[in-house]
Amino acid sequence: MQQNRITKLLGIQYAIVQGGMVWVSGHKLVTAVSNAGGLGLLGAGSMYPEVFREHIKKCQQNTDKPFGVNIPLMYPQVEELMQIVLEEGVKIVFTSAGNPKLWTAKLQAHGIIVVHVVSSVKFALKAQEAGVNAVVAEGFEAGGHNGREETTTFTLIPMLKEHLKIPLIAAGGIATGRGVLAAEVLGADGVQIGSRFAVSKESSAHQNFKELMTELQDGSTQLTFKELAPVRIVKNEYYQKLLALYQTHPSIETLKAFYDAAKLKTGIFEGKVADGKLEIGQIVGLLHQIDDVKTIMKNLIEEYQTVKQNLSHDK
Ligand SMILES: Cc1cc2nc3c(=O)[nH]c(=O)nc-3n(C[C@H](O)[C@H](O)[C@H](O)COP(=O)(O)O)c2cc1C
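The following paragraphs examine the structure supplied in this document. Model, not experiment: these values are computed from the prediction.

### A closer look at the site of the ligand
In the neighbourhood of the ligand, 21 residues make up the surrounding shell, with Asn 70, Glu 138, Gly 173, Gln 192 and Ser 195 lying closest. Here Gly 172 contributes a backbone N or O atom positioned 3.4 Å from an oxygen atom of the ligand. With respect to the ligand, the backbone of Gly 194 contributes an N or O atom lying 2.8 Å from an oxygen atom. Bound to the protein, the ligand loses 95% of the 610 Å² it would expose on its own. For the shell around the ligand, the per-class residue count stands at eight nonpolar, 11 polar and two charged.

Here it is, written out as structure tokens:
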């Protein structure tokens, strides 16, 4: 894998970013990915401000490589999180779920690199206009929150390539070296991977969550809650209850009550996998084992190189 404008921007060896993930990407996962040559991102969305500070400090102790943080801009105490970013000297911030105009210039004034997550050409252009250093373009396949338009990674990346000047990181449905290469062929400068790292030894998700993920197939997840904030989750008992609720034509208030952010912690972190909301991407059907990050990174890079070489030999 060669150096390019993403590896140079982020100061990393491989253009592989581990997506920030609530209840999943704490300091152990982040430092493992950064130490293996990618970019680890702390998932601030599930951390109280002081917990967030502790995780940043642990990352600083456990890696001398670059790492970053993901801050969903709808987080209620976003001001406090940003203050901690400045106080602790964090150098890379990935923002998501909100308006990139609000924080980009303020963070960049402190020398921080800002990358924003988008799900459409329209939002990508807005992010570029807001001055972000790069965008993550996340397709419909991805785990977690997603765009309403259901644009797939395979279509989003080449469309963005046509419009964007800034570097482009592809996300959604990438878990193998082949996937990384495909994203590059479509026009991406790098990839952001979530689900594959959620099912790693270093992920802070509960063992029950990880084991269930290795048993799922294609068709095991669904993008739902489109009226509130579209999110891809596993079709477990919690999801079946949601389906039953939809049959009653619920009001937005009733849906909001059922949506309940605490259900993410229940499922992912506490391991009550029937009862909780389990965010994961469509690519879960390809995740057959719980590997450590070193193995995952090695497999990604080796497969990328082998497939790339074989493709060029065939021609
Ligand atoms: C369990 C889980 C939690 C996630 N939490 C967040 C989050 O807090 N903020 C965010 O921007 N993206 C979040 N995502 C999305 C990932 O950062 C990443 O973009 C996505 O998983 C990529 O698609 P993939 O799952 O197909 O690899 C989450 C994804 C998963 C699977």
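### A short note on the packing of aromatic side chains
Using the criterion set out here, one finds three aromatic pairs in the structure. Measuring from ring centre to ring centre gives 5.1 Å for Trp 23 and Phe 269, while their planes differ by 40°; the resulting arrangement is tilted. A residue pair is termed long-range when its members are at least 10 positions apart, and Trp 23 in the loop between strand 1 (16-18) and helix 2 (27-35) and Phe 269 in helix 13 (residues 262-269) qualify at 246 residues. Seen in terms of ring centroids, Tyr 238 and Phe 258 are 4.9 Å apart; in terms of plane orientation they differ by 15°. Their pairing is stacked. Of this pair, Tyr 238 sits in helix 11 (residues 237-247) while Phe 258 sits in helix 12 (residues 252-259), and the two are 20 residues apart along the sequence. For Tyr 238, a relative accessible area of 2% translates into the label buried. The residue whose ring lies beneath Arg 232 is Phe 140, and the NZ or CZ to ring-centre distance is 4.7 Å.

### A closer look at the pairing of strand 2 (residues 39-43)
Buried residues dominate strand 2, accounting for five of its five residues. Of the two faces of strand 2, the one carrying Leu 39, Leu 41 and Gly 43 and the one carrying Gly 40 and Leu 42 are both buried. Both strand 1 and strand 2 contribute to a ladder of two bridges, which runs parallel. Bridged to Gln 18 within strand 2 is Gly 40. Taking the sense of rotation as the criterion, the β-α-β connection linking strand 1, helix 2 and strand 2 turns out right-handed.

### A short note on the sheet that holds strand 10 (residues 221-224)
Taken in spatial order, the three strands of this open sheet run 7-11-10, and their pairing is antiparallel. Strands at the two margins of the open sheet, each flanked by one partner only, are strand 7 (144-145) and strand 10. In terms of strand pairing, strand 7 meets strand 11 (residues 231-234) through two bridges, oriented antiparallel. By the bridge assignment for strand 11, Gly 144 is matched with Arg 232.

### Side note on the sheet that holds strand 8 (residues 168-171)
Read around the closed barrel, eight strands run 1-2-3-4-5-6-8-9, paired in parallel fashion. Going across the sheet, the axis of each strand differs from the next one's by a mean of 25°, ignoring polarity. Sheet topology places strand 2 next to strand 3 (residues 67-72); four bridges connect them, and they run parallel. By the bridge assignment for strand 3, Gly 40 is matched with Phe 67. Together, strand 1, strand 2 and strand 3 form the strand contacts of helix 2, whose direction differs from that of strand 2 by roughly 165°.

### Some remarks on the nonpolar core
Residues Ile 16, Phe 52, Ile 71 and Phe 197 are the most contacted members of the largest nonpolar core, which totals 78 residues. Residue contributions to this core peak at seven residues, all from helix 14 (residues 293-314). Residues Ala 15, Ile 92, Ile 113 and Val 117 belong to the second largest nonpolar core, which totals 16 residues.

### Quick word on unusual backbone geometry
Not every positive phi belongs to a glycine, and Trp 23 is a case in point at roughly 65°. Located in the positive-phi region is Glu 150, a residue other than glycine, with phi close to 60°. Tracing the sequence through the fold places Glu 150 in the loop between strand 7 and helix 7 (153-163). Here Glu 150 falls in the partly exposed class, since its relative accessible area comes to 35%.

What counts, and at which threshold
Residues numbered from 1 in each chain as written. Predicted model: local features only at pLDDT ≥ 70, side-chain atom pairs only at ≥ 80, totals over all residues. Heavy atoms only, no water. Near = heavy atom within 4 Å. Polar contact = N/O pair within 3.5 Å; in protein donor to acceptor, adjacent residues only side chain to side chain. Areas by Shrake-Rupley, 256 points an atom, 1.4 Å probe, with all protein chains shown as cover. Nonpolar A, V, L, I, M, F, W, Y, C, P; charged D, E, K, R; others polar. Phe/Tyr/Trp six-rings, centres within 6.5 Å; stacked < 30°, edge-to-face > 60°. Helix = DSSP H or I, 4+ residues; strand = E, 2+ residues; numbered from the N terminus. Buried < 20%, exposed > 50% of the residue type's maximum accessible area, 1.4 Å probe, protein only. Lys NZ or Arg CZ within 6 Å of the ring centre and 35° of its normal. Pairing = 2+ DSSP bridges. Right-handed = clockwise from strand over helix to strand, strands pointing away. Axes fitted to C-alpha atoms, helices over the stretch in contact; angles between N-to-C directions. Contact = heavy atoms within 4.5 Å. Core = buried A, V, L, I, M, F, W, Y, C linked by side-chain atoms within 4.5 Å.

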